[in-house]
Amino acid sequence: MNDFIFHYTSLETLALILKNKNIRFNSLKNVDDVNETEFSDENNINLSSHTLISCWTNNEEENLAFWNMYTPNMQGVRIKLPRDIFEVYDFKTTNDVYVRANQNIINSLVPESECFNDKYWILPFKNHFLEVEYTDDESLLKPKLFNLDGEQYKFETGIIGKYKSKIWEFQKEVRFKLIVLPTQDLSNNKINPFDDFMRIMFENIPAPIENYYLPIKQNAFEKMEITLGPKCNLSQEIIVESLIEKYNPNAKIIKNKYHGLIR
């Protein structure tokens, strides 16, 4: 797998990433493939609001479709960063916020202090990075998340956000993923995501947040490369240069290979 990942975006978003040194995770329910918001479980269980993702590609070749779809008038940028852009945390849980104590957690994207609060829990799964697989298999595009294993339900978190239709295969997409569970029901009564997990699912209690921001590691931040969009003009290039000079002087600016070739 490529050691670097790429994200096409606007100049405005680039400015926010450079100034705040963080990456936004967005709700799965807002992605471009509608299949990703559909599941085949009974009771209309839908975990798209509980899944927050950050979408990238590992295709190092410039892609005109990306420039056209994800940057305004091809005047945005492509951000290149190392794949390990976030810190990871190992810890043993405490019981400060109703969570079971002494559980060994490894490779979490979020430290314990931010995983558990009185509004939501971010489940500290160790497998938070995935390479999207493309298929026309309906059972994978609209997966069944819960299966009865003996007398217990088995919850398949790993398949959420893993599959997309083959029409998106050109994206060569990779993702970071967080699962967020509420700690209040629809009447604002306190609930425990562990003890009330099935209730959250069957009552479709949504996650209380749609966005979450994770800081970029400093050594990864300094390795950033920024490719200008094919239609970027001189003033936009000056803006990017000014942003880099102020917020990330180690970053590199790369001219677009299609510059001057597209009307």
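Residues numbered from 1 in each chain as written. Predicted model: local features only at pLDDT ≥ 70, side-chain atom pairs only at ≥ 80, totals over all residues. Heavy atoms only, no water.

Digging into the overall build of the chain
- Broken down by element type, the chain carries 7 helices and 16 strands.
- Relative to its length of 263 residues, the chain is compact, with a C-alpha radius of gyration of 20 Å against a globular reference of 18 Å.
- With the C-alpha coordinates aligned to their principal axes, the bounding extent of the chain is approximately 65 × 40 × 35 Å.
- For the chain, long-range pairs separated by at least 24 residues make up 73% of all intrachain contacts whose partners lie at least 6 apart in sequence.
- When the accessible surface of the chain is split by element, carbon and sulfur atoms take 47% of a total near 13900 Å².
- Of the charged side chains in the chain, 30 are positive and 38 negative, and the gap between their average positions amounts to 5 Å. (Helix = DSSP H or I, 4+ residues; strand = E, 2+ residues; numbered from the N terminus. Rg over C-alpha atoms; globule rule 2.2 N^0.38 Å. Contact = heavy atoms within 4.5 Å. Areas by Shrake-Rupley, 256 points an atom, 1.4 Å probe, with all protein chains shown as cover. Lys, Arg positive; Asp, Glu negative; His and termini not counted. Charge placed at Lys NZ, Arg CZ, Asp CG, Glu CD.)

Quick look at unusual backbone geometry
- Even without being a glycine, Asn107 presents a positive backbone phi close to 65°.
- The phi dihedral of Asn188 is positive, around 65°, even though this residue is not glycine.

Topic: the nonpolar core
- Counting 42 residues, the largest nonpolar core has Phe25, Ile85, Tyr212 and Met224 as its most contacted members.
- In contact with Tyr212, other than residues within four places in its own chain, are Ile23, Arg24, Phe25, Leu52, Val110, Glu114, Tyr120, Ile122 and Leu178.
- Within the second largest apolar cluster, 17 residues are counted, among which are Phe39, Leu123, Phe146 and Ile200. (Core = buried A, V, L, I, M, F, W, Y, C linked by side-chain atoms within 4.5 Å. Buried < 20%, exposed > 50% of the residue type's maximum accessible area, 1.4 Å probe, protein only.)

Some details on the packing of aromatic side chains
- Enumeration according to the criterion identifies 10 aromatic pairs in this entry.
- Relative to Phe86, the ring of Phe25 has its centre 5.8 Å away and its plane inclined at 45°; by these criteria the two rings are tilted. In this pair, Phe25 is assigned in strand β2 (residues 22-27) and Phe86 in the loop between β4 (77-82) and β5 (89-92), connecting sequence segments 61 residues apart.
- The exposure class assigned to Phe25 is buried, which follows from its relative accessible area of 0%.
- Taken together, Tyr8, Phe66, Trp67, Tyr70, Trp168 and Phe170 form an aromatic cluster joined through their ring pairs.
- Here the basic side chain of Lys164 rests over the ring of Trp168, its NZ or CZ set 5.0 Å away from the ring centre. (Phe/Tyr/Trp six-rings, centres within 6.5 Å; stacked < 30°, edge-to-face > 60°. Lys NZ or Arg CZ within 6 Å of the ring centre and 35° of its normal.)

Topic: the environment of Asn256
- Inspection of the secondary structure puts Asn256 in the segment after β16 (252-254).
- Between the alpha carbons of Asn256 and Lys19 there is a distance of 23 Å; along the sequence they are 237 residues apart.
- If we ignore the near neighbours within four places in the chain, the residues touching Asn256 are Glu62, Trp67, Thr227, Leu228, Gly229 and Pro230.
- A polar contact is formed between the side chain of Asn256 and the backbone oxygen of Leu228, at a distance of 2.9 Å. (Polar contact = N/O pair within 3.5 Å; in protein donor to acceptor, adjacent residues only side chain to side chain.)

Observations regarding the packing of helix α1 (residues 11-20) against helix α7 (residues 234-247)
- One can describe the packing of α1 onto α7 by two numbers: an axis separation of 10 Å at closest approach and a directional angle of 10°. On the basis of their axis angle, the class for α1 and α7 is roughly parallel. When α1 is examined against α7, the residues Leu11, Leu14, Ala15, Leu18 and Lys19 are found in contact with a partner set consisting of Gln236, Val240, Leu243, Ile244 and Tyr247.
- When the residues that make up the contact of α1 with α7 are grouped by side-chain class, the tally is 8 nonpolar, 1 polar and 1 charged. (Axes fitted to C-alpha atoms, helices over the stretch in contact; angles between N-to-C directions. Parallel < 35°, antiparallel > 145°, perpendicular 65-115°, else oblique. Nonpolar A, V, L, I, M, F, W, Y, C, P; charged D, E, K, R; others polar.)

Remarks on the environment of Leu243
- Inspection of the secondary structure puts Leu243 in helix α7.
- Here Leu243 falls in the buried class, since its relative accessible area comes to 15%.
- As for Leu243 and Leu16, which are separated by 227 residues in sequence, their C-alpha atoms are 9.9 Å apart.
- Setting aside chain neighbours within four positions, we find Leu243 in contact with Ala15, Leu18 and Asn248.

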